[in-house]
Amino acid sequence: MVHHTMATSSTSAASASSRINNMVRVLFLAGILGMLAACTSVPLPPQPPLQVPAPAVVTPPPPAAPEDGVLPAPVVRGKARWIPARWSELPGFAEDALHEAWNAWIRSCERPAPPHAGLCPEVRRLSIASADEQRAWMQRRLQPWRIEPLAREEGLLTGYYEPMLEASRVPTAAQQVPLYAPPADLARRRPWYTRQEIDTLPQARAGLRGREIAYVADPLDALSLQIQGSGRLRVTEADGRVSVVRLAFAGSNEQPYRSVGSWLLQQGALRDASWPGIKAWARANPQRLQELLWSNPRVVFFREEPLSDFDAGFGPRGAQGVPLTPGRSIAIEKDSVPYGTPMWLSTPGPLLPLNRLVFAQDTGSAIVGAVRADYFTGWGAEAGEVAGRLKQPLALWVLWPR
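Calculation criteria
Residues numbered from 1 in each chain as written. Predicted model: local features only at pLDDT ≥ 70, side-chain atom pairs only at ≥ 80, totals over all residues. Heavy atoms only, no water. Helix = DSSP H or I, 4+ residues; strand = E, 2+ residues; numbered from the N terminus. Buried < 20%, exposed > 50% of the residue type's maximum accessible area, 1.4 Å probe, protein only. Areas by Shrake-Rupley, 256 points an atom, 1.4 Å probe, with all protein chains shown as cover. Phe/Tyr/Trp six-rings, centres within 6.5 Å; stacked < 30°, edge-to-face > 60°. Lys NZ or Arg CZ within 6 Å of the ring centre and 35° of its normal. 1 Å grid on protein atoms, 1.4 Å probe; cavity = no way out; pocket = protein on both sides within 12 Å on 5 of 7 lines; lining within 4 Å. Points joined across faces, edges and corners; volume = space filled by probe spheres on them. Nonpolar A, V, L, I, M, F, W, Y, C, P; charged D, E, K, R; others polar. Salt bridge = Lys/Arg side-chain N within 4 Å of Asp/Glu carboxyl O. Pairing = 2+ DSSP bridges. Contact = heavy atoms within 4.5 Å. Axes fitted to C-alpha atoms, helices over the stretch in contact; angles between N-to-C directions.

**Student:** Just checking my understanding: could you explain the overall build of the chain for this structure?
**Tutor:** Looking only at helices and strands, the chain has 12 helices and 16 strands in total. Counting the 402 residues in the chain, one finds 43% classified as buried. Carbon and sulfur atoms provide 58% of the accessible area of the chain, an area that totals close to 21,800 Å².

Put into structure tokens, the structure is as follows:
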């Protein structure tokens, strides 16, 4: 009875122990599940809002001035009549690469005429604008005026350039033609001696003694330098060093300019009065070279300027006082068009067909007439070849602030 009693107690204890263990497991699992539930119920820290880039704002070019507006009345300036025109009348205006002209415009803004000065801040800002924006701005801010001559004359486009000549500081067997600085008495004696008198009169030669800047080999090259008004010299110094300098216009003898090409045509000496044709004639007729040179009494004097690498990338300073830009600077008759004026140039060729924006930044003694321009082609032999042959019809428009 006692054993039976003990067996029953052990079974009861084991059963109790089992129930406790089960309860512990249940509680343990419940705790785990509770913790997991608690973890899932803890709020996560707030995330920053997703940054979506705003769509790019494309600003359309400003609208151009309406083409159907009332045009102003014609005006007369110098030898020219300015006739108001519409932009659609300008040949090739939609096709010109205006950005190529913008540097020339910024150059003009270094010394702007009063009517154009107010545009210069906008011109500078537009230097990085698209061609469409530049074109629309021009149409909005400028009025085209077609230039007509008061007298009966045909429009004419010629070319000029900056010669590049080999030179020596001292006369040599090959280089004996002097290029002069102005004589000391130039301001007191007006006009000064003619070209022929400079070559033949002792008093004229005495006035230029010590004024020699350098010597070149070909008298026609020296004449070309004087006609162009400036140039570059690759000079061999007396000690053998070589340097490149620029000769700039410093005055003249104030004698009338006479074209040697026209003189040859009048003589019946040739039909091709281009500069290459003139040089070919001179080589074939050396005994008449002096006569040819003396047919132009005008002589130009120079001043020497250093030519840095930066300055070498631009042309010489024109009459406006700013460096010229090849293909975008022209010389005009200043009484008909003020310096710094943007203009539209159109010529059908045959050598160089052009429809483009240019700037009136220079003048010259041979530039006479309302529809007359000299087109700056650059520097060196290739530019000289184009300039020497360029002679073709011309139409011009002034682009004036509204």
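**Student:** Explain the packing of aromatic side chains to me, please; I cannot follow it from the model alone.
**Tutor:** The relation between two aromatic rings is expressed through the spacing of the ring centres and the mutual angle of the planes. If you walk through the whole model with that rule in mind, you get 12 aromatic pairs. Consider the rings of Trp192 and Tyr193, whose centres lie 4.9 Å apart with planes at 80°: the pair is edge-to-face. Comparing Trp192 with Tyr193, the two get one shared label, buried. Members of the aromatic cluster, connected to one another through ring pairs, are Trp102, Trp105, Trp137 and Phe359. Over the face of the ring belonging to Tyr193 we find Arg189, whose NZ or CZ atom lies 3.8 Å from the ring centre. When the ring centre of Trp379 is taken as reference, the NZ or CZ atom of Arg232 above it lies at 4.3 Å.

**Student:** Which parts of the structure should I look at to understand the layout of surface pockets?
**Tutor:** Summary: where empty space remains is shown by rolling a probe the size of a single water molecule over the atoms. Taken as a whole, the second largest pocket encloses approximately 540 Å³ of empty space. What lines the second largest pocket is a set of 24 residues, and nearest its centre among them are Val177, Pro178, Tyr180, Ile198 and Asp199. For the lining of the second largest pocket, the secondary-structure elements that each account for two or more residues are β6 (177-180), α6 (195-200), β7 (212-216), α8 (219-228), α11 (289-294) and β10 (300-306). Here the residues of the lining of the second largest pocket are counted per class, giving 16 nonpolar, three polar and five charged.

**Student:** Which parts of the structure should I look at to understand the pattern of salt bridges?
**Tutor:** Any two side chains of opposite charge can pair if their charged atoms end up close together. Taken as a whole and assessed by the stated rule, the structure comprises 20 salt bridges. Its salt-bridge partner being Arg234, residue Glu166 comes within 3.3 Å of it at the nearest N-O pair. Of this pair, Glu166 sits in strand β5 (residues 164-168) while Arg234 sits in strand β8 (residues 231-236); the two residues are 68 residues apart in sequence, bridging distant segments of the chain. A residue is classified by how much of its surface remains accessible, and Glu166, at 44% relative accessible area, is partly exposed.

**Student:** Please clarify how empty space enclosed by the protein should be interpreted in this entry.
**Tutor:** As enumerated under the stated definition, the model contains one cavity of 30 Å³ or more in all. Together, Trp105, Ser108, Cys109, Pro112, Ala113, His116, Cys120, Gln320, Gly340 and Pro342 line the largest cavity. Broken down by class, the residue content of the lining of the largest cavity amounts to six nonpolar, four polar and no charged.

**Student:** Looking at this model, I keep getting lost on the pairing of β8. Mind explaining?
**Tutor:** Within a regular strand, the side chains alternate between the two sheet faces. The pairing of β5 with β8 spans five bridges and is classified as parallel. Residue Leu165 lies in a different strand from β8, and its bridge partner there is Leu233. As judged from the six bridges shared by β8 and strand β9 (residues 242-252), these two strands associate in the antiparallel manner. Directly across from Arg234, in β9, lies its bridge partner Val244. Between β8 and β9, which pair antiparallel one after the other, the connecting turn spans five residues, and Gly240 there sits at a positive phi close to 95°.

**Student:** I'm lost on the sheet that holds strand β11 (residues 329-331) in this one. Help?
**Tutor:** The strands making up a sheet associate through backbone hydrogen bonding, with each pair oriented either parallel or antiparallel. Taken in spatial order, the 10 strands make up an open sheet running β1-β2-β3-β16-β12-β13-β11-β14-β4-β15, and their pairing is mixed. Every other strand in the sheet has two partners, leaving β1 (75-77) and β15 (391-392) as the edge strands with one partner each. Relative to strand β16 (residues 395-401), strand β12 (residues 342-347) is paired through four bridges, and the arrangement is antiparallel. Bridging across to β16, Leu345 finds its partner in Leu396. Strands β3 (142-149), β13 (354-362) and β16 of the sheet are contacted by helix α5 (residues 131-141), whose axis makes an angle of about 70° with β3.

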